[in-house]
Number of protein chains: 2
Amino acid sequence: MRSAARCSSCAMRHLCMPQGVAANEMPQLEALICSARPVRRGEALYRAGDSFDSLYAVRSGSLKTVMAHRDGREQVTGLRIAGEALGLDGISSDQHACSAVALEDSSVCIIPYAALKHLCREISSMQERLHKLMGEQIVREAAQMMVLGSLSADERVAAFLLDISERNAQRGYSSAEFNLRMTREDMGSYLGMTLETVSRTLSRFQKRGLIDAQGRLIHIVDPEGLRQVGAPSNA
Amino acid sequence: MRSAARCSSCAMRHLCMPQGVAANEMPQLEALICSARPVRRGEALYRAGDSFDSLYAVRSGSLKTVMAHRDGREQVTGLRIAGEALGLDGISSDQHACSAVALEDSSVCIIPYAALKHLCREISSMQERLHKLMGEQIVREAAQMMVLGSLSADERVAAFLLDISERNAQRGYSSAEFNLRMTREDMGSYLGMTLETVSRTLSRFQKRGLIDAQGRLIHIVDPEGLRQVGAPSNA
DNA sequence: CGCCCGATTGATAACGCTCAAGGCAAGTGG
DNA sequence: CCACTTGCCTTGAGCGTTATCAATCGGGCG
């Protein structure tokens, strides 16, 4: 048996969907059986091929999503920090297209998809919220396609650091300092480059005074400078 | 004024959403004002930043979606052929995140989002269909991230050709022969490489007897061989 | 017919990969 | 408590794939 703490009893309940759901609809929201589940570092919340029946919201910690080619090659396709949604990759075919692995001991809220669907038919703000969630994922992935397709190694790393920084800020964490938790290999996989290149790039950024990195602990010293990486003047 | 032929009067009506919508719900589907709109070659159906209010289904022809970086660099993020959905990139922020440009004279069905949302609250199969549509887009984009992040130039081109081939087959067109309509530059942009590399790769494939290409007209001669591109034996 | 855009092909160079060695920190067992 | 292992990170040297620059070709259209 796993922990089944109701989301309604946790401080981060608002993460399990809302944001745009009117206050007077809260009671119905509560009806959405939203239990929590811990996921230990390295453990998979779900694996590619698993049957899909719930969405998740990261309550604490962070996870990576990983997709595999048939020839065995794997690539990290996403990173989710506390407050972000997870599991949308399962909607299209009723089974997950990728795996979600915890980067540290984490906890997620479970949102049964069937119940959510039902609720979306009754509460339009709920429907709106789910649609936006999916739409955001679509746009985020398209943006990542741009990163992978058009940016140099330096630009990719810079863009990645700024993305994480912004997302941290959005969720109320520090935008300047954070613990990445991914290995250099994970970062490389996500950014379409080797772990060595990631390492070298970070070292160079550090020499230039853009960041201060101690292993996975990253301190963004000069965000504006990071934004300029790759610009004509920065050859 | 643009053409406002009702979708219900066209042979491809089933493309404008259904597939999974029960027959007895058709009348309500008809109520979804689904007009058609022609888009000439090179014309934009919508541009990044345009306000979002409709989804589209390609009725005939094909379009590319293009996303732009702030520094002006553009990348092709998708290709849509007849029967495929378009416009989901606008849901998240009520304005389109990318532009959709016709690769040839085309025609799309217009599906007003507000009406669709309303319908999805009444007809669960409709809701299901929309969710799957979005879910498919999410998975497709994740797969493209893998292509861009882990495959060599040869493998990317091969994967692209096979993808188009499969999608053509799914929509009832020939899987062996098709007119790509994109320029080499568009292909390169989509695949994260230069137009010269695309050209060279296609030439090489042709010499190997995998395909027969006459400009944008592609004939897939050996699909199994294409699938083997990049495999250990094919050095 | 001549023009122009797109495609092809070649030569060269750069960026990032591969292979390899070494370092550091945390954990494990004697 | 220290030797040893293990996993991850860093740094270096050399090479290969792919980008860049450039010339030519070809087809469609005015």
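Remember, predicted model here, so these are calculated numbers, not experimental data.

Draft legend 1. Expanded view of the relation of the copies chain A and chain B. Expressed as a screw transformation, the operator carrying chain A onto chain B has a rotation angle of 180° and an axial translation of 0.0 Å, and the superposed copies differ by an RMSD of 0.0 Å. What the superposition gives is, in effect, a two-fold axis relating one chain to the other. Minimal C-alpha distance to the rotation axis in chain A is attained by A:R121, lying at 2.1 Å. The fraction of interface residues of chain A whose copies in chain B are also interface residues reaches 100%, indicating that both copies meet through the same surface.

Draft legend 2. How the structure looks around the interface of chain A and chain B. Across the contact, 43 residues belong to chain A and 43 residues belong to chain B. Run the count over chain A and chain B and you get six salt bridges. Two residues, B:K132 and A:D94, come together in a salt bridge whose shortest N-O distance is 3.0 Å. Where chain A touches chain B, the interface holds 20 residue pairs in polar contact (both at pLDDT 80 or more). Contributions of two or more residues to the side of chain A that touches chain B are made by β4 (62-68), β5 (74-81), α2 (113-122) and α3 (124-150) of chain A. The residue makeup of the side of chain A that touches chain B, split by class, is 18 nonpolar, 13 polar and 12 charged.

Draft legend 3. Spotlight on the protein's contact with DNA strand D. Taken together, 16 residues are adjacent to DNA strand D, and A:R184, A:S199, A:R200, A:S203 and B:T197 come closest. In DNA strand D, atoms within 4 Å of the protein come 62% from sugar and phosphate. At a separation of 2.8 Å, a phosphate oxygen of DNA strand D approaches a polar side-chain atom of A:S199. B:A153 places a main-chain nitrogen or oxygen 2.9 Å from a phosphate oxygen of DNA strand D. Considering each element in turn, the surface near DNA strand D owes the most residues, five residues, to helix α6 (residues 195-207) of chain A. Here the residues of the surface near DNA strand D are counted per class, giving three nonpolar, seven polar and six charged.

Draft legend 4. Here's a closer look at the UniProt feature "domain: HTH crp-type" (unreviewed entry) in chain A. Per the UniProt entry, the sites bearing "domain: HTH crp-type" (unreviewed entry) are residues 151-224 of chain A in this numbering. Here residues 151-224 of chain A runs as 55% helix and 15% strand, with 18 Å between its end C-alpha atoms.

Draft legend 5. Geometry of the nonpolar core. Counting 58 residues, the largest nonpolar core has A:F160, A:L161, A:L226, B:F160, B:L161 and B:L226 as the members making the most contacts within it. Apart from residues lying up to four places away in sequence, A:F160 is in contact with A:L79, A:L180, A:M182, A:M187, A:Y190 and A:L191. Formed by 36 residues, the second largest nonpolar core is a distinct cluster that contains B:L32, B:F52, B:L116 and B:I138.

Draft legend 6. Inspection of the sheet that holds strand β5 (residues 74-81) of chain B at higher detail. Residues and elements named next belong to chain B. The sheet built from four strands is open, its strands ordered β2-β7-β4-β5 with antiparallel pairing. Two strands in the sheet have a free side with no partner beyond their single neighbour: β2 (44-46) and β5. Here the average twist between neighbouring strands, direction ignored, is 30°. Inspection of the sheet shows strand β4 (residues 62-68) paired to β5 by seven bridges, in the antiparallel sense.

Draft legend 7. Looking closely at the protein's contact with DNA strand C. Close to DNA strand C lie 16 residues, the nearest being A:A153, A:T197, B:R184, B:R200 and B:S203. Sugar and phosphate atoms represent 64% of those atoms of DNA strand C found within 4 Å of the protein. One of the side-chain nitrogen or oxygen atoms of A:T194 is found 3.1 Å away from a phosphate oxygen of DNA strand C. Between DNA strand C and the protein, one listed contact pairs a phosphate oxygen with a side-chain N or O atom of A:T197 at 2.3 Å. Of all the secondary structure elements, the ones that give two or more residues to the surface near DNA strand C are α6 of chain A together with α6 (195-207) of chain B. The greatest single-element share of the surface near DNA strand C, amounting to five residues, is contributed by α6(B).

Draft legend 8. Broad picture of the pairing of strand β10 (residues 211-214) of chain A. Residue and element names in this part refer to chain A. Going residue by residue along β10, you find I211 and A213 tucked away on one face and D212 and Q214 left uncovered on the opposite face. Across four bridges, β10 lies against strand β11 (residues 217-220) in antiparallel orientation. Residue pairing for β11: I211 is matched across the bridge by I220. Between the end of β10 and the start of β11, which pair antiparallel, lie two residues, with G215 showing a positive phi angle near 65°.

Draft legend 9. Geometry of the pattern of salt bridges. Inspection of the entire model under this criterion finds 27 salt bridges over all chains. Residues B:D163 and B:R167 are paired through a salt bridge, measuring 3.0 Å at the closest nitrogen-oxygen approach. Here the residue B:D163 and the residue B:R167 both occupy positions in helix α4 (residues 153-170), the gap between them amounting to four residues, near one helical turn. On the basis of relative accessible area, B:R167 is assigned to the buried category, the value being 8%. Connected through salt bridges with shared partners, the residues A:D94, A:K117, B:E128 and B:K132 form a single ionic network.

Draft legend 10. Molecular detail of the packing of α3(A) against helix α2 (residues 113-122) of chain B. The interhelical angle for the contact between α3(A) and α2(B), taken along N-to-C directions, is 115°, at an axis separation of 11 Å. Between α3(A) and α2(B) lies a crossing whose hand is right-handed. Two secondary-structure elements touch here, α3(A) through A:S124, A:Q127, A:E128 and A:H131 and α2(B) through B:Y113, B:K117, B:C120 and B:R121. Class assignment for the residues of the contact of α3(A) with α2(B) results in two nonpolar, three polar and three charged.

Draft legend 11. Broad picture of the packing of aromatic side chains. All names here are of chain A. As enumerated under the stated definition, the model contains six aromatic pairs over all chains in all. Aromatic side chains Y46 and Y56 sit 5.9 Å apart centroid to centroid with 20° between the ring planes, which places their arrangement in the stacked category. Linking Y46 in strand β2 (residues 44-46) with Y56 in strand β3 (residues 54-60), this pair joins segments that are 10 residues apart in sequence. With a relative accessible area of 2%, Y46 lands in the buried category.

Draft legend 12. Inspection of the sheet that holds β10(A) at higher detail. All names here are of chain A. The antiparallel open sheet is built from three strands, whose spatial order is β9-β11-β10. Edge strands, defined here as strands with exactly one partner in the open sheet, are β9 (177-179) and β10. Averaged over all neighbouring strand pairs, the angle between strand axes comes to 15°, with direction disregarded. Against the sheet, helix α4 (residues 153-170) makes contact with β9, β10 and β11, and its axis sits at roughly 100° relative to β9, the strand it touches most.

Here is what the cut-offs are and how they apply
Residues numbered from 1 in each chain as written. Chains lettered and ligands numbered in written order. Predicted model: local features only at pLDDT ≥ 70, side-chain atom pairs only at ≥ 80, totals over all residues. Heavy atoms only, no water. Least-squares fit on C-alpha atoms with pLDDT ≥ 70 in both. Contact = heavy atoms within 4.5 Å. Salt bridge = Lys/Arg side-chain N within 4 Å of Asp/Glu carboxyl O. Polar contact = N/O pair within 3.5 Å; in protein donor to acceptor, adjacent residues only side chain to side chain. Helix = DSSP H or I, 4+ residues; strand = E, 2+ residues; numbered from the N terminus. Nonpolar A, V, L, I, M, F, W, Y, C, P; charged D, E, K, R; others polar. Near = heavy atom within 4 Å. UniProt positions renumbered as here; feature names shortened; annotations may be inferred. Core = buried A, V, L, I, M, F, W, Y, C linked by side-chain atoms within 4.5 Å. Buried < 20%, exposed > 50% of the residue type's maximum accessible area, 1.4 Å probe, protein only. Pairing = 2+ DSSP bridges. Axes fitted to C-alpha atoms, helices over the stretch in contact; angles between N-to-C directions. Left-handed = near helix turned anticlockwise from the far one by under 90°. Phe/Tyr/Trp six-rings, centres within 6.5 Å; stacked < 30°, edge-to-face > 60°.

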